[in-house]
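Okay, here's what each chain looks like letter by letter:
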Amino acid sequence: MVDQWKKSILKLKEENLLMIFTRNPELGKCKTRLATTVGDQTALDIYKFLLQHTVSITKSLKLSKQVHYSVKVRENDFWNPEIYNKKQQLGNDLGKRMEYAFTEGFAEGYKKIIIIGSDMYDLGLKDLEYAFMELETHDYVIGPAEDGGYYLLGMKSLHSQVFRNKVWGTETVLRDTLKDLKNENIKILEERNDVDIYDDIKDIDAFQKFLNQ
């Protein structure tokens, strides 16, 4: 029974990949829209808090995990290298970076790949497990964000068009992505709120310690 369990875990790690896209947490260079209201230091503190949250909801997932850094791979940070394979994002816009990451993931032999960001407080372990479960019976899964983007995208095969001809960071991203997937077997997850501006966090208890300093 134990050997069978180990084989099942190994298969999940060989077939399922979670990719986490993250910005390097540097003063004045992360959560810049939020910083216009709360200041650079508070925005940085909040982003580090969101990174820690992302670690907490992903570290125990029984699958392969990668963290993709925006600027430079860091050795001594929140991401334990024994749990997360560290990589550098490549490409001159978000779409090209995501397309490269998915292309590389499928080339490495993974059968189901999901990408998320690292600024989702409104996301939990069960949500990620559910998204991978839905990839068993759907070719694509997508998690709509309240701002018109998406917080999660999953694939069983590369669909390059979803990464092209998008105005990243705007309210048209989800709509245009769904147009690309209109003839595909897709599962749309529950809408969630990512953290970009002050209004996203002002009424959430967990952030009051940062806002009331």
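No experiment lies behind these values; they were computed from the predicted model shown.

Participant: What should I look at first to understand the packing of aromatic side chains in this one?
Facilitator: Geometry of an aromatic ring pair is reported as the spacing of the ring centres plus the angle between the planes. In total, this model carries seven aromatic pairs according to the counting rule given. Linked through ring pairs, F49, Y121, F207 and F210 together constitute an aromatic cluster.

Participant: Is there a simple way to think about a negative patch on the surface in this case?
Facilitator: Together, D122, E146, D147, E171 and E191 make up a region of like negative charge exposed at the surface. Here D147 shows up in the loop between β5 (140-144) and β6 (150-155).

Participant: Sorry, what's going on with the pairing of strand β4 (residues 112-116) here?
Facilitator: Within a regular beta strand, the side chains point alternately toward one face of the sheet and then the other, so they alternate between its two faces. In terms of burial, β4 is largely enclosed, as five of its five residues are buried. Residues K112, I114 and I116 line one face of β4 and the alternating positions I113 and I115 line the opposite face, and both faces are buried. Inspection of the sheet shows strand β1 (residues 16-22) paired to β4 by five bridges, in the parallel sense. Residue M19 lies in a different strand from β4, and its bridge partner there is I115. Sheet topology note: the β4/β6 ladder contains four bridges and is antiparallel.

Participant: I'm lost on the confidence of the model for the protein chain in this one. Help?
Facilitator: Segments scoring low in pLDDT should not have their predicted coordinates read at a detailed level. Of the residues in the protein chain, 93% reach a pLDDT of 70 or more, and the chain-wide mean stands at 91. Looking over the protein chain, one finds the lowest element-wise mean pLDDT in helix α1 (residues 2-15), namely 64, and the highest in β4, namely 98.

Participant: Just checking my understanding: could you explain the environment of K65 for this structure?
Facilitator: Positionally, K65 belongs in strand β2 (residues 64-69). Here K65 falls in the buried class, since its relative accessible area comes to 6%. The sequence separation of K65 and D139 amounts to 74 residues, and the corresponding C-alpha distance is 20 Å. What K65 contacts, discounting residues up to four positions off in sequence, is L17, L18, T58, K59, I83, Y84 and N85. At 2.6 Å, the side chain of K65 forms a polar contact with the backbone oxygen of L61.

Participant: I tried to follow the sheet that holds β6 on my own but got confused; where do I start?
Facilitator: In any sheet, the strands associate via hydrogen bonds between backbone groups, in a parallel or an antiparallel arrangement. Pairing is mixed in the open sheet, where seven strands are placed in the order β3-β2-β1-β4-β6-β5-β7. Since the sheet does not close on itself, it has two edges, and those belong to β3 (85-88) and β7 (186-188), each with one partner. The average undirected angle you get between the axes of adjacent strands in this sheet is 20°. Those strands touched by helix α4 (residues 94-107) are β1, β2, β3, β4 and β6, and its axis lies near 155° from that of β1. Across the sheet, helix α6 (residues 173-180) lies against β5, β6 and β7, angled at about 165° from β5, the strand it touches most.

Participant: What am I meant to see in the environment of D119 here?
Facilitator: Checked against the element boundaries, D119 lands in the loop between β4 and α5 (125-134). For the pair formed by D119 and K48, sequence separation is 71 residues and the distance between their alpha carbons is 9.2 Å. Among all residues touching D119, those that are not within four sequence positions of it are K31, Y47, L50, T54, D194, V195 and D196. One polar contact links D119 to K31, side chain to side chain, over a distance of 2.7 Å.

Calculation rules
Residues numbered from 1 in each chain as written. Predicted model: local features only at pLDDT ≥ 70, side-chain atom pairs only at ≥ 80, totals over all residues. Heavy atoms only, no water. Phe/Tyr/Trp six-rings, centres within 6.5 Å; stacked < 30°, edge-to-face > 60°. Patch = residues over 30% accessible without salt bridge, like charges linked within 9 Å, V, L, I, M, F, W, Y side chains within 5 Å. Areas by Shrake-Rupley, 256 points an atom, 1.4 Å probe, with all protein chains shown as cover. Salt bridge = Lys/Arg side-chain N within 4 Å of Asp/Glu carboxyl O. Lys, Arg positive; Asp, Glu negative; His and termini not counted. Charge placed at Lys NZ, Arg CZ, Asp CG, Glu CD. Helix = DSSP H or I, 4+ residues; strand = E, 2+ residues; numbered from the N terminus. Buried < 20%, exposed > 50% of the residue type's maximum accessible area, 1.4 Å probe, protein only. Pairing = 2+ DSSP bridges. pLDDT = per-residue confidence, 0-100. Contact = heavy atoms within 4.5 Å. Polar contact = N/O pair within 3.5 Å; in protein donor to acceptor, adjacent residues only side chain to side chain. Axes fitted to C-alpha atoms, helices over the stretch in contact; angles between N-to-C directions.

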